[in-house]
Amino acid sequence: MAKTVFVSGGSRGIGACAVREFSKLGYNVAFTYYKSKECAMTLKNDTGAMAIFCDIADSKQVKAAIDTAYNKFGSIDILINNAGIDEFSLFTDITDEMWQRMINTNLSGAFYACRSALPYMLSKKQGSIINISSMWGQVGASCEVHYSVSKAGLIGLTKSLAKEVGPSNIRVNCICPGVIDTDMNSCLSEDDINQLKSDTPLGKIGTVKEVFDSILFLADDCSSFITGQILGVNGGYII
Ligand code: NDP
């Protein structure tokens, strides 16, 4: 029976690549979208994946989205906590609202999705959870403190949850991408991109497919003895 993958934030970027690639490989795929309905509908039509509207920062909507996918496919085997936002701001300019939106979206969203999906994984004693953090969660980024904190939180979530659910044969791992060519970096100038490339040992920025290849590795049984790990996909920017 085909495994079911649930991808949060599947409408664009890394998530959309995961939806396309997992669909091509024959997995059942459910993904969430929030603001990009048009992209989500195109992706749904192209792949046959299930598109679900969901604000990942809202626990009730997240539970409903996971339940909807489970009711259609009969299992949640792989959960990819990918939905996220980024924002540049001086630390002293971060408002309560900016802080809460960042933490609620990037960190609480993953918590809600894990909490909603785990009962289905626990009942099968099988599952793989992959949290998409960031290299800035590993080393911290100036003018992105709230983003870096949310992503560091995902690393903590990964390690602690891996210990708790490992005995039930559920693996929890984390990917920390470096600079990847998506809308998230569309605000960077050509000079910024060139600087980032020259600061990266592999001399380039990453593609969504390169992140997906790591997602697939951690989702698949070929990584069956790997849990609680933090995998950098950053061209060597952080070593
Ligand atoms: P994009 O901006 O291209 O896509 C972000 C995705 O997250 C969209 O599908 C968006 O959905 C979804 N999303 C945002 N807010 C919400 C919300 N409140 N509820 C539900 N979905 C939401 O980003 P990337 O593909 O680049 O990033 C994907 C993940 O990878 C993020 O967690 C990001 O932090 C991380 N990452 C990215 C890096 C990069 O260089 N690109 C580097 C390191 C980490 P919609 O448009 O429908 O609202």
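Data block above holds the structure.
Thresholds, definitions, all that
- Residues numbered from 1 in each chain as written.
- Predicted model: local features only at pLDDT ≥ 70, side-chain atom pairs only at ≥ 80, totals over all residues.
- Heavy atoms only, no water.
- Pairing = 2+ DSSP bridges.
- Helix = DSSP H or I, 4+ residues; strand = E, 2+ residues; numbered from the N terminus.
- Axes fitted to C-alpha atoms, helices over the stretch in contact; angles between N-to-C directions.
- Contact = heavy atoms within 4.5 Å.
- Buried < 20%, exposed > 50% of the residue type's maximum accessible area, 1.4 Å probe, protein only.
- Near = heavy atom within 4 Å.
- Polar contact = N/O pair within 3.5 Å; in protein donor to acceptor, adjacent residues only side chain to side chain.
- Areas by Shrake-Rupley, 256 points an atom, 1.4 Å probe, with all protein chains shown as cover.
- Patch = residues over 30% accessible without salt bridge, like charges linked within 9 Å, V, L, I, M, F, W, Y side chains within 5 Å.
- Salt bridge = Lys/Arg side-chain N within 4 Å of Asp/Glu carboxyl O.
- Right-handed = clockwise from strand over helix to strand, strands pointing away.

> Give me the lowdown on the sheet that holds strand 6 (residues 170-177), citing residues and values where you can.
Spatially, seven strands are ordered 3-2-1-4-5-6-7 in an open sheet, and the strand pairing comes out parallel. In this open sheet, the two edge strands, each paired with only one partner strand, are strand 3 (50-53) and strand 7 (230-233). Sheet twist, expressed as the average angle between the axes of neighbouring strands with direction ignored, equals 20 degrees. Two strands pair when backbone bridges link them, and strand 4 (residues 78-81) and strand 5 (residues 127-132) are joined in this way by four bridges, in the parallel orientation. Of the residues in strand 5, the one forming a bridge with Leu 79 is Ile 129. Where helix 2 (residues 37-47) meets the sheet, it contacts strand 2 (28-33) and strand 3, and its direction lies at approximately 170 degrees from that of strand 2.

> I'd love a proper account of unusual backbone geometry, names of residues and values included.
Phi is positive for Lys 125, close to 50 degrees, though the residue is something other than glycine. Within the secondary structure layout, Lys 125 lies in the loop between helix 4 (96-124) and strand 5. The phi torsion at Asn 169 lies on the positive side, around 65 degrees, for a residue other than glycine. In this fold, Asn 169 is placed in the loop between helix 6 (145-165) and strand 6. Overall, the relative accessible area of 48% leaves Asn 169 in the partly exposed class.

> Explain the site of the ligand residue by residue, including any values.
Close to the ligand lie 30 residues; Lys 35, Ser 36, Asn 82, Tyr 147 and Thr 182 are nearest. A distance of 2.7 Å is found between an oxygen atom of the ligand and a backbone nitrogen or oxygen belonging to Asn 82. Summarising the interface, the protein chains cover 95% of the accessible area of the ligand, which totals 900 Å² for the free molecule. Elements with a contribution of two residues or more to the shell around the ligand: helix 1 (13-24) and helix 6.

> Can you lay out a nonpolar patch on the surface for me, pointing to particular residues and giving the numbers?
Together, Phe 91, Trp 99 and Val 149 make up a nonpolar patch on the protein surface, roughly 290 Å² of accessible area in all. Within the element layout of this structure, Val 149 appears in helix 6.

> Please give an account of the pairing of strand 5 that cites residues and values.
The element strand 5 is largely enclosed, with a buried count of six among its six residues. Where burial is concerned, the two faces of strand 5 agree: the one with Gly 127, Ile 129 and Asn 131 and the one with Ser 128, Ile 130 and Ile 132 are both buried. Crossover strand 4 to strand 5 through helix 4 is right-handed. As paired strands, strand 5 and strand 6 are joined by six bridges and run parallel to one another. Bridge pairing links Ser 128 to Arg 171 in strand 6.

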